[in-house]
Number of protein chains: 2
Amino acid sequence: MLGNFTFCNPTRLYFGEGSLKRLNEELPKYGETVQLVYGGGSIRKNGIYDQVIKLLRDNGKRIVEDGGVMPNPTVEKVYEGSRIARENNVALILAVGGGSCCDYAKAVSVSAWCQEDPWQKYYLNFQDVDADTKIIPVGCVLTMVGTGSEMNGGAVITNHEQKLKIGHVFGDNVFPKFSILDPTFTYTLPKYQMVSGIYDIFNHICEQYFSGEDDNTSDYISEGLMRSVIHSSRIAIQNPRDYEARSNLMWTATWALNTLVAQGKTTDWMVHMIGQAVGAYTDATHGMTLAAVSMAYYRHICPYGLEKFARFAKNVWNVQTNGKTTEQIAAEGLDCMESWMKELGLVMNITDLGATKDMIPGIADSTIMLTDGYKALTKDEVVEILRESL
Amino acid sequence: MLGNFTFCNPTRLYFGEGSLKRLNEELPKYGETVQLVYGGGSIRKNGIYDQVIKLLRDNGKRIVEDGGVMPNPTVEKVYEGSRIARENNVALILAVGGGSCCDYAKAVSVSAWCQEDPWQKYYLNFQDVDADTKIIPVGCVLTMVGTGSEMNGGAVITNHEQKLKIGHVFGDNVFPKFSILDPTFTYTLPKYQMVSGIYDIFNHICEQYFSGEDDNTSDYISEGLMRSVIHSSRIAIQNPRDYEARSNLMWTATWALNTLVAQGKTTDWMVHMIGQAVGAYTDATHGMTLAAVSMAYYRHICPYGLEKFARFAKNVWNVQTNGKTTEQIAAEGLDCMESWMKELGLVMNITDLGATKDMIPGIADSTIMLTDGYKALTKDEVVEILRESL
């Protein structure tokens with residue numbers, strides 16, 4: 001049954017090749033000083049940096065640089081970005097990059113004028129952003145696909161000292177005001193990053209799909225999104241410059257995590273919790289940490305959500321059902337998923353990500369335990385899943 | 001290929017049983033005078049009227065009544081409502097009803113302070129709402145499901161004198177500011193209205209699905225939505241008080257026509273054009289006019305979009321494909337659709353809606369001709385489809 005909910009997603013999306021110039025419509029809405037957030041400098045090589053700088057200058061903006069956002073943005077970087085924002089009285093934070101840059105921009109947005117320690121408030125105490133919190137508006141120019149951060153109100157931040165990587169959803173008012181999605185901006189991404197992002201999309205849908213006994217419209221939409229990801233991913237790994245495939249992946253990523261397919265239902269998110277703990281120990285690419293623990297996790301919980309896994313097999317993977325038990329159908333669906341993941345070239349174990357057997361107790365210990373999946377795991381089960389993922 | 005587009009859908013939705021009380025969060029945002037729009041008075045019988053009045057009074061509102069909105073709102077009614085809005089300097093138009101009430105409220109919203117004749121400007125000349133147009137904000141409390149009007153910027157208005165029924169999409173700023181969707185509010189609707197709404201949902205998706213040669217994420221989402229409608233409709237006709245089925249139908253209706261599944265692709269809308277012309281002649285219920293012409297239309301255009309109709313058969317109706325030609329698969333999908341429509345008890349011909357053979361030239365003549373379907377029809381073909389629909 002669809003539970004009660006409020007849906008509001010006000011982010012304005014400009015989609016398609018050449019849409020960067022739509023900054024000309026958005027920039028005049030904000031004050032003079034723009035904090036330009038980006039990562040390791042790939043946007044300098046592919047020319048996007050120069051295009052953005054020109055558009056900012058054309059619109060009379062004062063640019064405050066804030067580059068060097070790492071793949072898993074750290075709390076120290078958030079403190080630094082918040083100081084930059086405060087000291088410059090920034091009117092708009094413009095993130096140019098992937099989910100890490102967008103997440104980081106949102107974290108700075110709510111932290112810059114926060115009276116308390118933002119890590120404590122938002123990430124350890126999971127507090128919402130108050131209505132009277134002073135927030136700096138965020139805009140995004142997406143160059144990597146996967147996290148959905150361009151149209152939601154969440155951000156994942158890593159605290160290496162505490163060995164914690166935590167995602168928090170701030171609320172409606174922290175959604176980017178606008179996001180620019182040009183599929184051609186993702187062409188130059190290395191294949192490793194591309195497939196990592198593709199699995200991130202797929203897993204976002206899985207996390208929301210594999211929970212609840214109910215028969216919910218969201219699950220039908222999720223099945224459509226998963227079929228689209230599978231289809232387009234197979235084209236994209238053959239030809240990364242296939243505009244249709246890359247644009248479908250970009251669009252699917254947005255809808256996989258902009259709150260739509262979670263409305264009115266419970267959600268799981270344990271693959272993310274375990275994967276993020278692996279990430280906190282290894283600093284591995286987010287999507288790969290999810291891939292590396294997924295098969296062990298889903299095979300572990302499959303008996304507890306058998307009907308849904310059988311539905312997944314039929315509706316997503318076209319598994320023929322004649323003469324098979326529900327168990328067989330469900331298992332065949334997971335086999336199809338595993339084959340597809342290998343076809344993409346995903347990392348299928350945590351050993352290849354740098355995790356070792358002796359890290360397992362620590363990783364399990366820093367795994368945040370959620371209980372809305374088909375099976376509320378014990379810490380022993382997390383250890384077991386991690387061992388099977390070695 | 002996904003064409004370029006801008007997506008922005010800022011309507012805030014409150015979904016679920018008991019969500020009417022969320023008016024307490026919305027009403028304080030607007031000025032004193034509320035124009036209360038409703039239809040023929042069913043909301044007085046089922047108690048919704050009293051609940052709304054109490055909430056308006058509790059929030060200190062002055063209520064200006066504007067009831068009697070007909071199933072196909074007329075241009076004369078829009079002129080009258082606009083006068084009421086102007087004379088009372090209305091701050092919020094609150095529509096309580098189905099798509100007709102929501103559409104009417106939006107038409108009044110843009111017409112009240114319009115310096116030109118709104119019928120001429122918006123419906124004959126298809127002009128957009130200018131950025132500087134004075135608009136009265138609209139909120140909706142939905143009591144009938146189908147049109148999707150609760151989360152889009154369009155409105156269908158009928159001009160009986162000119163025998164025209166025209167839908168126009170005004171733009172982002174005319175989207176309802178909020179909509180309240182309580183599935184239990186739809187329980188008391190007569191079955192005829194319920195199934196009419198269900199087919200309206202399904203046909204909205206068809207209109208957007210059956211166009212373009214491309215392989216678009218939107219089409220995958222559409223397939224998921226169609227499967228959800230088919231599934232839940234079969235439960236709802238057996239038990240109209242099945243909360244899960246009615247809530248899924250309500251939610252699907254919103255997403256079928258809130259611009260999502262049309263993004264980046266061409267769309268057809270000829271069933272609506274022909275159906276609306278039938279409606280202008282017969283004043284029949286909107287969804288039934290669509291149902292009555294659909295099978296003739298889709299069988300007519302099937303050869304021109306054969307691959308898509310075969311995909312529809314496989315992905316929506318689970319048609320087995322072994323040993324069959326594409327033509328056979330496509331035809332079987334349409335047969336499945338026809339069987340389901342009959343199962344719902346839809347009106348399958350225009351004769352039962354009051355149309356006669358001699359009306360056909362007039363109906364064809366007032367059919368607005370669009371050209372983005374699989375076949376750009378001639379007027380002769382419209383006549384042929386109408387004859388087959390008799």
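Preceding this section is the structure that the text describes.
What you see is a predicted model, and the numbers here were worked out from it, not measured in a lab.

The rules behind these values
Residues numbered from 1 in each chain as written. Chains lettered and ligands numbered in written order. Predicted model: local features only at pLDDT ≥ 70, side-chain atom pairs only at ≥ 80, totals over all residues. Heavy atoms only, no water. Helix = DSSP H or I, 4+ residues; strand = E, 2+ residues; numbered from the N terminus. Rg over C-alpha atoms; globule rule 2.2 N^0.38 Å. Buried < 20%, exposed > 50% of the residue type's maximum accessible area, 1.4 Å probe, protein only. Contact = heavy atoms within 4.5 Å. Areas by Shrake-Rupley, 256 points an atom, 1.4 Å probe, with all protein chains shown as cover. Lys, Arg positive; Asp, Glu negative; His and termini not counted. Charge placed at Lys NZ, Arg CZ, Asp CG, Glu CD. Least-squares fit on C-alpha atoms with pLDDT ≥ 70 in both. Pairing = 2+ DSSP bridges. Axes fitted to C-alpha atoms, helices over the stretch in contact; angles between N-to-C directions. Expected span 1.5 Å × (residues − 1). Salt bridge = Lys/Arg side-chain N within 4 Å of Asp/Glu carboxyl O. Buried area = accessible area lost by both parts, 1.4 Å probe. Polar contact = N/O pair within 3.5 Å; in protein donor to acceptor, adjacent residues only side chain to side chain. Disulfide = S-S within 2.5 Å. Core = buried A, V, L, I, M, F, W, Y, C linked by side-chain atoms within 4.5 Å. Parallel < 35°, antiparallel > 145°, perpendicular 65-115°, else oblique. Nonpolar A, V, L, I, M, F, W, Y, C, P; charged D, E, K, R; others polar.

**So, the overall build of chain A**
Phase 1: On a plain count of helices and strands, chain A comes out with 15 helices and eight strands.
Phase 2: Whereas a compact globule of 390 residues would reach a radius of gyration of roughly 21 Å, chain A reaches 20 Å, a difference of no more than 12%.
Phase 3: Seen through its principal axes, chain A has C-alpha atoms that stretch 70 × 40 × 40 Å.
Phase 4: For chain A, the residues scored as buried account for 63% of the 390 residues in total.
Phase 5: Sequence-distant contacts in chain A: of pairs separated by 6 or more residues, those separated by 24 or more amount to 79%.
Phase 6: If you sum the accessible surface of chain A, you get close to 13,700 Å²; carbon and sulfur atoms cover 49% of it.
Phase 7: Side-chain charges of chain A comprise 35 positive and 46 negative groups, with the mean position of each set lying 6 Å from the other.

**A closer look at the environment of phenylalanine 178 of chain A**
Residue and element names in this part refer to chain A.
Phase 1: Secondary-structure assignment places phenylalanine 178 in strand β8 (residues 178-181).
Phase 2: Residue phenylalanine 178 is classed as buried on the basis of its relative accessible area, which comes to 0%.
Phase 3: Residues phenylalanine 178 and tyrosine 14, 164 residues apart in the sequence, show an inter-C-alpha distance of 7.7 Å.

**What to know about the relation of the copies chain B and chain A**
Phase 1: Superposition record for chain B on chain A: RMSD 0.0 Å, screw rotation 180°, translation along axis 0.0 Å. On the angle and the small slide along the axis, the relation comes out as a two-fold axis. When C-alpha positions in chain B are compared against the rotation axis, the closest is assigned to proline 10 of chain B, at 2.2 Å.
Phase 2: When the interface residues of chain B are mapped onto chain A, 100% of them again lie at the interface, so the same face is used by both copies.

**Comments concerning the sheet that holds strand β1 (residues 5-15) of chain B**
Phase 1: Sheet architecture is open: 12 strands sit in the order β3(A)-β2(A)-β4(A)-β5(A)-β8(A)-β1(A)-β1(B)-β8(B)-β5(B)-β4(B)-β2(B)-β3(B), paired in mixed fashion. The open sheet terminates on both sides in strands that have one partner only, identified here as β3 (62-66) of chain A together with β3 (62-66) of chain B. Neighbour-to-neighbour, the strand axes of this sheet turn through a mean angle of 25°, independent of strand direction.
Phase 2: Pairing of strand β2 (residues 33-38) of chain B with strand β4 (residues 92-97) of chain B, which is carried by five bridges, proceeds in the parallel orientation.

**A short note on helix α4 (residues 75-87) of chain B**
Residues and elements named next belong to chain B.
Phase 1: Relative to the 18 Å expected for 13 residues at 1.5 Å per residue, α4 spans 18 Å between its end C-alpha atoms, a close match to the ideal helical length.
Phase 2: By the burial criterion, the buried members of α4 are Val75, Lys77, Val78, Gly81, Ser82, Ile84 and Ala85.
Phase 3: Those residues of α4 hidden inside the fold are in contact with β2, β3, α5 (99-111), α6 (118-124) and β6 (154-159).
Phase 4: Downstream of α4 by a residue or two, asparagine 89 has a phi angle that is positive, lying close to 45°.

**Regarding the pattern of salt bridges**
All names here are of chain A.
Phase 1: Going through the model one piece at a time under the given rule, you end up with 36 salt bridges over all chains.
Phase 2: A salt bridge links lysine 77 to aspartate 66; the nearest nitrogen and oxygen atoms lie 3.1 Å apart. Of the two residues, lysine 77 sits in helix α4 (residues 75-87) while aspartate 66 sits in strand β3, which places them 11 residues apart along the sequence.
Phase 3: Classification of aspartate 66 as buried rests on a relative accessible area of 1%.
Phase 4: Where arginine 83 meets glutamate 87, a salt bridge forms, and the shortest distance between an N and an O atom there is 3.2 Å. You can see arginine 83 and its partner glutamate 87 sitting in helix α4, four residues apart, about one turn around the helix.
Phase 5: Its relative accessible area of 57% is what places glutamate 87 among the exposed residues.

**Digging into the pairing of β4 of chain B**
Residue and element names in this part refer to chain B.
Phase 1: Extensive coverage of β4 is indicated by the burial of six of its six residues.
Phase 2: In terms of strand pairing, β4 meets strand β5 (residues 138-142) through five bridges, oriented parallel. Within β5, the residue paired with leucine 94 across the bridge is glycine 139.

**Regarding the interface of chain B and chain A**
Phase 1: The interface of chain B with chain A comprises 43 residues on the first partner and 43 residues on the second.
Phase 2: Taken together, both faces of the contact between chain B and chain A bury some 3,800 Å²; the carbon and sulfur share is 54%.
Phase 3: Inspection of the region where chain B meets chain A yields two salt bridges.
Phase 4: With a closest N to O distance of 3.0 Å, arginine 12 of chain B and aspartate 172 of chain A form a salt bridge.
Phase 5: Linking chain B to chain A there are 18 residue pairs in polar contact (both at pLDDT 80 or more).
Phase 6: Ranked by the residues each element gives to the side of chain B that touches chain A, the list is headed by β1 of chain B, at 11 residues.
Phase 7: One ladder, built from seven bridges, connects strand β1 (residues 5-15) of chain A with β1 of chain B; its direction is antiparallel. Note that in β1 of chain B the partner of phenylalanine 5 of chain A across the bridge is phenylalanine 15 of chain B.

**Brief notes about the state of the cysteines**
Phase 1: As enumerated under the stated definition, the model contains zero disulfides over all chains in all.
Phase 2: Summary of cysteine pairing: cysteine 336 of chain A is not part of a disulfide, and the nearest cysteine sulfur, belonging to cysteine 302 of chain A, is at 13 Å.
Phase 3: Unpaired in this structure, cysteine 101 of chain B has its nearest cysteine sulfur neighbour in cysteine 102 of chain B, at a distance of 6.9 Å.

**Considerations on the nonpolar core**
Phase 1: Phe202 and Tyr298 of chain A together with Phe202 and Tyr298 of chain B are the most contacted members of the largest nonpolar core, which totals 224 residues.
Phase 2: Those residues in contact with tyrosine 298 of chain A that sit more than four places away from it in its chain are Tyr199, Asn203, Cys206, Glu207, Phe210, Val271, Phe309, Leu334 and Met337 of chain A.

**What about the pairing of β8 of chain A?**
Within a regular strand, the side chains alternate between the two sheet faces.
All names here are of chain A.
Phase 1: On β8, burial covers both faces: Phe178 and Ile180 on one face and Ser179 and Leu181 on the other are all buried.
Phase 2: In this sheet, β8 lies alongside β1 in parallel orientation, the contact comprising four bridges. Bridge pairing links tyrosine 14 to isoleucine 180 in β8.
Phase 3: Here strand β5 (residues 138-142) runs beside β8; their pairing, made up of four bridges, is parallel. If you follow leucine 142 over to β8, its bridge partner there is leucine 181.

**Some words on the packing of helix α7 (residues 191-209) of chain B against helix α10 (residues 270-282) of chain B**
Residue and element names in this part refer to chain B.
Phase 1: The geometry of α7 relative to α10 is characterised by a closest axis approach of 9 Å and an angle of 135° between their N-to-C directions. Relative to α10, the element α7 lies oblique. Contacts between α7 and α10 involve Asp200, Asn203, His204 and Glu207 on the former and, on the latter, Met270, Val271 and His272.
Phase 2: Of the residues contributing to the contact of α7 with α10, the split by class is two nonpolar, three polar and two charged.

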